[in-house]
Amino acid sequence: MPLALRNLFATILVHCNSMDVRKMWDTYYEDMSEDFRRIHDNSPATQLQCTLKSIKYFLESMSKRIQNFDIPTANQDLDNNSLSECREIIEERSTKIPAEDFDAQSKLNAAQEQAFKTILQRVDSGIVGLFFVDGPGGTGKTFLYRALLVNVRSRSMIALATTTSGVAVAILPGGRTAHSKFDIPLQTTDTTITNMSKQSGSAKLIRKAKLIIWDEAPMAKRQTIETVDRSFRDIMDNDEPFGGKVMVFGGDFRQVLPVVPKSTRAETINASLVKS
Ligand SMILES: Nc1ncnc2c1ncn2[C@@H]1O[C@H](COP(=O)(O)OP(=O)(O)OP(=O)(O)O)[C@@H](O)[C@H]1O
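Residues numbered from 1 in each chain as written. Predicted model: local features only at pLDDT ≥ 70, side-chain atom pairs only at ≥ 80, totals over all residues. Heavy atoms only, no water.

## Let's talk about the sheet that holds strand β3 (residues 176-177)
If you trace the five strands from one edge of the open sheet to the other, you get β1-β5-β4-β2-β3, paired in parallel fashion. Bordering the open sheet on either side are β1 (129-134) and β3, each of which pairs with just one other strand. By the bridge criterion, six bridges tie strand β2 (residues 158-163) to strand β4 (residues 209-215) in an arrangement that is parallel. Residue pairing for β4: Leu160 is matched across the bridge by Ile212. Of the strands in this sheet, β2 and β4 are in contact with helix α9 (residues 201-208), which crosses β4 at around 105°. Contacting β4 and β5 (246-251), helix α10 (residues 222-236) runs over the sheet at an angle of about 170° to β4. (Pairing = 2+ DSSP bridges. Helix = DSSP H or I, 4+ residues; strand = E, 2+ residues; numbered from the N terminus. Contact = heavy atoms within 4.5 Å. Axes fitted to C-alpha atoms, helices over the stretch in contact; angles between N-to-C directions.)

## Some remarks on the site of the ligand
If you check the shell around the ligand, you find Lys107, Leu108, Asn109, Gln112, Pro136, Gly137, Gly138, Thr139, Gly140, Lys141, Thr142 and Phe143 and nothing else. Between the ligand and Thr142 there is a distance of 2.5 Å, counted from an oxygen atom to a side-chain nitrogen or oxygen. In the model, an oxygen atom of the ligand is placed 2.9 Å from a nitrogen or oxygen of the Phe143 main chain. Relative to its unbound accessible area of 630 Å², the ligand is 56% covered by the protein chains. If you tally residues by element for the shell around the ligand, the top one is helix α7 (residues 141-153), at three residues. Split into classes, the residues belonging to the shell around the ligand amount to three nonpolar, seven polar and two charged. (Near = heavy atom within 4 Å. Polar contact = N/O pair within 3.5 Å; in protein donor to acceptor, adjacent residues only side chain to side chain. Areas by Shrake-Rupley, 256 points an atom, 1.4 Å probe, with all protein chains shown as cover. Nonpolar A, V, L, I, M, F, W, Y, C, P; charged D, E, K, R; others polar.)

Set out below in structure tokens:
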């Protein structure tokens with residue numbers, strides 16, 4: 001429950017004026033930072049900054065500034081809340097975190113916890129990361145995505161949730177189809193790029209995103225995913241895969257492969273992500 005505790009701590013700061021804030025901080029810091037201690041077990045400084053950013057997020061959602069309270073100082077993060085942010089970034093930041101997701105990270109099973117920790121270490125270190133979450137239907141992939149989204153978003157960082165089909169969009173908070181979010185052309189080939197220009201709001205959003213989730217990836221043609229890869233490299237001016245972003249693809253190859261009209265079995269498999 002550390003996330004719920006940080007939310008409660010921020011709420012108490014805002015509504016209870018006569019509290020000894022520093023004493024309360026010292027008393028409950030261990031409990032409030034328990035999730036970050038699990039992820040960054042060797043770095044107390046990172047644990048502290050992650051905890052402060054999360055409390056800052058909740059305070060700002062109540063129109064308060066963390067600087068006005070007697071708790072340790074958060075590092076200045078120039079990425080955050082700049083006045084010149086474009087519409088796409090403002091919209092993304094206004095995604096509501098569902099209350100039922102607050103304790104998702106404390107309920108993760110061992111396999112989910114392992115994936116959660118590994119992915120968040122990449123998010124916090126800013127090192128490129130390409131992950132594929134594989135599992136048959138009902139094994140908890142969406143549950144893991146939701147825990148990741150709440151953790152990253154509750155620290156005022158941008159996490160994008162995309163899916164291949166419109167049907168699955170509704171199960172991820174702030175979800176959109178990858179085609180719509182990344183402006184992917186309907187017909188993709190081995191040389192296409194997306195319609196996002198480097199100066200567009202969508203490109204600025206990609207530059208800021210710390211985590212990008214793409215569910216139902218096996219349903220997308222590999223050329224579609226490769227088109228996004230080429231565009232991200234261009235937008236980020238970085239030739240690492242997906243321009244150095246932390247990408248989490250997920251889905252189940254046992255379910256639906258890409259739909260290629262009038263294709264043979266071999267052509268369908270050639271269009272699949274496994275051939276990328
Ligand atoms: N660690 C967990 N603790 C409690 N409930 C969980 C956990 N993991 C998954 N669940 C629950 O199990 C059910 C199936 O999980 P989920 O929807 O995440 O599976 P999925 O792998 O995404 O399935 P699909 O591929 O069909 O979309 C959901 O009701 C989810 O809330």
